[in-house]
Amino acid sequence: MTLAGPLIVNNLSIAGIHFADAVMAGRLGAETLAAVAVGGSIWFFGFTMALGILMAISPIAARHYGAGNPELIGRYTRQGIYFGIIIAVALILLFHFFVGSALDAIGIDPEFRGLTEGYVHAIMWGAPGIFIFLALRFTTEGIGVTKPIMYASVSSLGINVFLNWVFMFGNLGAPALGAVGCGIASAATMWLIMFGLSVYMWCSRKYEPLKIFARVGKIRPETIKEILWLGVPIAVMITAEAVLFNAVSVLMGTRGANIAAAHQVAINFAMTMFMVPLALSSAITVRVGHALGSGNPEAARFSGAIGIATCAVFMTCSATMMLLFRDTVVLIYTNDPAVSSIAVSLLLAAAIFQIGDGVQIGAAGVLRGYKDTRFPMVINLFAYWVLAFPLAYMAAVTYKAAPVYTWGAFIVGLSVAAVLLSWRFVKISRAELTA
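Predicted model, so just to flag it, every value in this text is computed and none were measured. (Residues numbered from 1 in each chain as written. Predicted model: local features only at pLDDT ≥ 70, side-chain atom pairs only at ≥ 80, totals over all residues. Heavy atoms only, no water.)

**Q** Teacher, can you tell me more about the side chain of Thr140 here?
**A** Here Thr140 is to be found in helix α6 (residues 127-142). Each residue touching Thr140, except ones within four places of it in the same chain, is listed here: Val145, Pro148, Ile149, Met201 and Tyr207. (Helix = DSSP H or I, 4+ residues; strand = E, 2+ residues; numbered from the N terminus. Contact = heavy atoms within 4.5 Å.)

In structure tokens form, the structure reads like this:
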């Protein structure tokens, strides 16, 4: 919990940035709001892939920290920074040349297509900054120092809102750029928090043994290959789950405004609760990695089991709250009777899948600590896209069943993932003990 507390604040701050962007864009009209929403989704896809790959630095750093090899951590950090810059350049070129044609292919309304393209072209320049930040963030997370991440995320929320006010609305002498201004504000925020964390890690004695900034160092293909070997499956896992939830949102949108609105209410609340086990998952990775690095597989297995149990207990409390107070929760979002009745039924389904969701994200964190990512990737793809999405599609499109049946697909997918990932943890931890 000491490790996860700052990460919970980090996750909620990131959610706050998205909320602020939506609210401030909405003040400028529907076209600006739509451009920020669609452009943000396009940016998020590229960002998520890089996030997953660079997340591999956390378990690697945790292992070396537990083994007492701090200088090796610095090497992986530098290679992560180099690779992050390479990904950023590739992403900028991809967005620069292809985002317009992609928006045409998707069929985005011409009324806000230009604004969407402008937003993406603005925010993409923040890619080098945020990817360098992620390499540093997962390094400090891997050695068990998470408060700097919290300070950076809280600062980013304030900075982003201020820069939105300046560039979106044209204050302090700046031109009013609307959606493009929102992209500029986000990109500038990414660079500022990167510089902030870099300076902190440069000056703090906690990071001196790592010697991150002691040398420039050459690009090491074998080190980058290890980061990719661990990171690509993590990226696929994160993207598979995120795309599933987005795809189901699209399916619910085909059923009418009331159902779409009710879905948004329920999924927003469920995802807010998910921020806690998501942070716990990162903390579990660190604890397991430290134990394995120090040659203590018993402690690794114990930390993993306690971590999964903690996620399950929290999500059980969350599910209980949903069951007892779901009418009150819905009233926070809407007082429309038609939307409310549907949202209440969806929160009932959410209460059921919450526990499975907590267990699966906890188990995934444990397995990252064991540097086991490929088999969990296969499990997630099977649970979400072989089982969950076809069931959701049949319920929403083929049979046009009540919305709660579409959400039944979440229950199936997350429960199967929870069982299989937990089984994988038991198997791999037992093998580690035997070895």
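What follows picks up the thread again.
**Q** Would you mind showing me how to read the confidence of the model for the chain here?
**A** Reading fine detail from the predicted coordinates is not recommended where pLDDT is low. Considering every residue of the chain, the mean pLDDT works out to 93; 100% of them sit at 70 or more. Of all secondary-structure elements in the chain, the lowest mean pLDDT belongs to helix α2 (residues 30-54), at 87, while α6 reaches the highest, 97. (pLDDT = per-residue confidence, 0-100.)

**Q** How should I be thinking about the nonpolar core in this particular structure?
**A** Generally speaking, a soluble globular protein has its nonpolar side chains buried in company with each other. Grouped together as the largest cluster of nonpolar side chains are 61 residues, with contacts concentrated most on Trp43, Ile130, Phe131, Phe133 and Leu134. Those elements giving two or more residues to this core turn out to be α1 (4-26), α2, α3 (57-67), α4 (70-106), α5 (110-123), α6, α8 (179-203) and α9 (221-253). For this core, the element with the most residues is α4, which contributes 11 residues. In this view, Leu134 contacts Phe47, Leu51 and Leu54; residues no more than four positions away in its chain are not counted. Ile259, Ala343, Ala350 and Ala396 belong to the second largest nonpolar core, which has 37 residues in total. (Core = buried A, V, L, I, M, F, W, Y, C linked by side-chain atoms within 4.5 Å. Buried < 20%, exposed > 50% of the residue type's maximum accessible area, 1.4 Å probe, protein only.)

**Q** Got a minute to help me understand unusual backbone geometry in this structure?
**A** Excluding glycine, a negative phi dihedral is what most residues carry, and trans is how most peptide bonds are arranged. Phi at Lys211 is positive, roughly 50°, even though this residue is not glycine. The backbone phi angle of Lys371 is positive, close to 60°, even though this residue is not glycine. Within the fold, Lys371 resides in the loop between α12 (337-369) and α13 (374-398).

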